[in-house]
Amino acid sequence: MATETYRFKVGAFECFVVSDGTLTYAPPNFPPPATLLFANAPRARLEQVLLEHDVQPEQWMEWTSSYSCLVVNTEQHLMLVDTGAGGLAPTTGRLLQNLQAEGIAAADIDTVILTHGHPDHIGGNTDAQGNPAFPNARYVLWKDEWDFWTSEQAEQRLDEHVREILLRCAHENLPPIQEKVDLLDPDTEIVPGIRALAAPGHTPGHLALEISSGGEQLLCISDVALHPIHLECPDWYAAVDLDPEQIVTTRRRLFSRAATEKALVFAFHFPFPGLGKVIQKGDSWHWQPIETEG
Ligand SMILES: [Zn+2]
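Note that the coordinates shown come from a computational prediction; the quantities given were computed from them, not determined experimentally.

### Concerning the coordination of the zinc ion
A metal bound by six donors in octahedral fashion has ideal angles of 90 or 180 degrees, whereas one bound by four tetrahedral donors has an ideal angle of 109.5 degrees.
For step 1, the next point in the chain: Protein coordination of the zinc ion is provided by Asp-120 (OD), His-121 (NE2), Asp-223 (OD) and His-269 (NE2), with donor distances spanning 2.0 to 2.2 Å.
For step 2, the next point in the chain: Here the zinc ion binds four donor atoms, and the angle range of 86 to 165° at the metal identifies the geometry as irregular.

Listed below in structure tokens is the structure:
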């Protein structure tokens, strides 16, 4: 069985990447991966880049993405970043059992940070009865994100083909946590050592996180990039990036920072455990995954 948890340290903070499972994106439910991930890529250049990644462009009809959540134990706080997809698919919703295997009960988590309101990031907010799945946690997200999903904005701005599934998931997973939610502005410290960074574009209130301890830094970029090729070609937005211009600006800002500061980076959708470095290469970047054993 593939490993579903990866432990590491950031200074004094004990961290775990915990898998929620995977999802395979393929027609007819999704556009072909090349269209889904690189909506505006010029065909010839895309084919060339895919071949460099050992992908045969015309045969690339499905993309299996990891869904990886992050746990940070700061000693004062036990924090979870994103709750996974819950029962979205038979291959998702493994977060709670994987936490349990590490000796972490849902009731132990005191802070849940939601990077944004998409089904794969909030789908585990509630249990089968519709109650908060992390009963002792405050749930934290950017105020703009909450406002987007709980007002008419989402209805007006989402594409027809994804509107129903996204809205249904938001309606099931956001109102039940209303009493426990802390809405914040970015560039604030959530708990000591963990700072929210504005990273809009994929959604209007998408957050990145800066996690620092003992002079070490982890940059959690969540869905600023969905695939490592987005580092090489940061202008190729995904069909699910709500504001293409904004996501490109956000990517450039965060990739540049990650490369300059040589920060460890965590990306939710990258191959498990989604940890690596962003390396500057000309005026773009590339992804260097950490070496894991076995
Ligand atoms: Zn996602």
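### So, the side chain of Asn-173
For step 1, the next point in the chain: In this structure, Asn-173 sits in helix α7 (residues 160–173).
For step 2, the next point in the chain: If we ignore the near neighbours within four places in the chain, the residues touching Asn-173 are Ile-122, Gly-123, Gly-124, Asn-125 and Thr-126.

### Considering the environment of Asp-223
For step 1, the next point in the chain: With respect to the helices, strands and loops of the structure, Asp-223 is situated in the loop between β11 (216–220) and α8 (229–232).
For step 2, the next point in the chain: Each C-alpha atom of the pair Asp-223 and Glu-293 lies 26 Å from the other, and the pair is 70 residues apart in sequence.
For step 3, the next point in the chain: If sequence neighbours within four positions are ignored, Asp-223 has contacts with His-116, Asp-120, His-121, His-202, His-206, Ile-247, Phe-268 and His-269.
For step 4, the next point in the chain: In this structure the side chain of Asp-223 is engaged in a polar contact, spanning 3.0 Å, whose partner is the side chain of His-121.
For step 5, the next point in the chain: A polar contact is formed between the side chain of Asp-223 and the side chain of His-269, at a distance of 3.2 Å.

### Regarding the packing of aromatic side chains
For step 1, the next point in the chain: With the rule as written, the count across this model stands at nine aromatic pairs.
For step 2, the next point in the chain: A centroid spacing of 4.8 Å and a plane angle of 85° characterise the contact between Phe-270 and Trp-287, whose relative ring orientation is edge-to-face. In this pair, Phe-270 is assigned in the loop between β12 (264–266) and β13 (275–281) and Trp-287 in strand β14 (residues 284–289), connecting sequence segments 17 residues apart.
For step 3, the next point in the chain: Residue Trp-287 is classed as buried on the basis of its relative accessible area of 13%.
For step 4, the next point in the chain: An aromatic cluster is built from Tyr-25, Phe-30 and Trp-63, whose rings are joined through pairwise contacts.

### As for the layout of surface pockets
For step 1, the next point in the chain: Estimated volume of the largest pocket: approximately 700 Å³.
For step 2, the next point in the chain: When residues of the lining of the largest pocket are traced back to their parent elements, those giving at least two are β2 (13–25), β3 (63–73), α4 (119–122) and α7.
For step 3, the next point in the chain: Counting residues per element, the lining of the largest pocket draws most heavily on α7, which supplies four residues.
For step 4, the next point in the chain: Across the lining of the largest pocket, the residue classes break down as 19 nonpolar, seven polar and five charged.

### Brief notes about the sheet that holds strand β1 (residues 5–10)
For step 1, the next point in the chain: In spatial order, the strands read β1-β2-β3-β4-β5-β6-β7; together these seven strands make up an open sheet with mixed pairing. Of all strands in the sheet, those with a lone pairing partner are β1 and β7 (181–184), marking the two edges. Neighbouring strand axes in the sheet, compared pairwise and without regard to direction, differ in orientation by 25° on average.
For step 2, the next point in the chain: Note that strand β5 (residues 111–113) and strand β6 (residues 138–142) share three bridges and pair parallel. Directly across from Ile-113, in β6, lies its bridge partner Val-140.
For step 3, the next point in the chain: Helix α5 (residues 143–150) rests against β6 and β7 of the sheet, and its axis sits at about 90° to β6.

### Thoughts on the sheet that holds strand β8 (residues 188–191)
For step 1, the next point in the chain: Ordered in space as β8-β9-β10-β11-β12-β13-β14, the seven strands form an open sheet in which the pairing is mixed. The open sheet has two edge strands, β8 and β14, and neither has a second partner. Taken pair by pair, the neighbouring strands of this sheet meet at an average axis angle of 35°, ignoring direction.
For step 2, the next point in the chain: Across six bridges, β13 lies against β14 in antiparallel orientation. Bridge pairing links Gly-276 to Pro-289 in β14.
For step 3, the next point in the chain: Contacts between helix α9 (residues 244–261) and the sheet are confined to β9 (194–198), β10 (207–213), β11, β12, β13 and β14, with β11 contributing the most and set at about 160° to the helix.

Conventions we followed
Residues numbered from 1 in each chain as written. Predicted model: local features only at pLDDT ≥ 70, side-chain atom pairs only at ≥ 80, totals over all residues. Heavy atoms only, no water. Donors = N, O, S within 2.8 Å, 3.2 Å for Na, K, Ca; no water. Tetrahedral: all angles 85-135°; square planar, octahedral: opposite > 155°, others 65-115°. Helix = DSSP H or I, 4+ residues; strand = E, 2+ residues; numbered from the N terminus. Contact = heavy atoms within 4.5 Å. Polar contact = N/O pair within 3.5 Å; in protein donor to acceptor, adjacent residues only side chain to side chain. Phe/Tyr/Trp six-rings, centres within 6.5 Å; stacked < 30°, edge-to-face > 60°. Buried < 20%, exposed > 50% of the residue type's maximum accessible area, 1.4 Å probe, protein only. 1 Å grid on protein atoms, 1.4 Å probe; cavity = no way out; pocket = protein on both sides within 12 Å on 5 of 7 lines; lining within 4 Å. Points joined across faces, edges and corners; volume = space filled by probe spheres on them. Nonpolar A, V, L, I, M, F, W, Y, C, P; charged D, E, K, R; others polar. Pairing = 2+ DSSP bridges. Axes fitted to C-alpha atoms, helices over the stretch in contact; angles between N-to-C directions.

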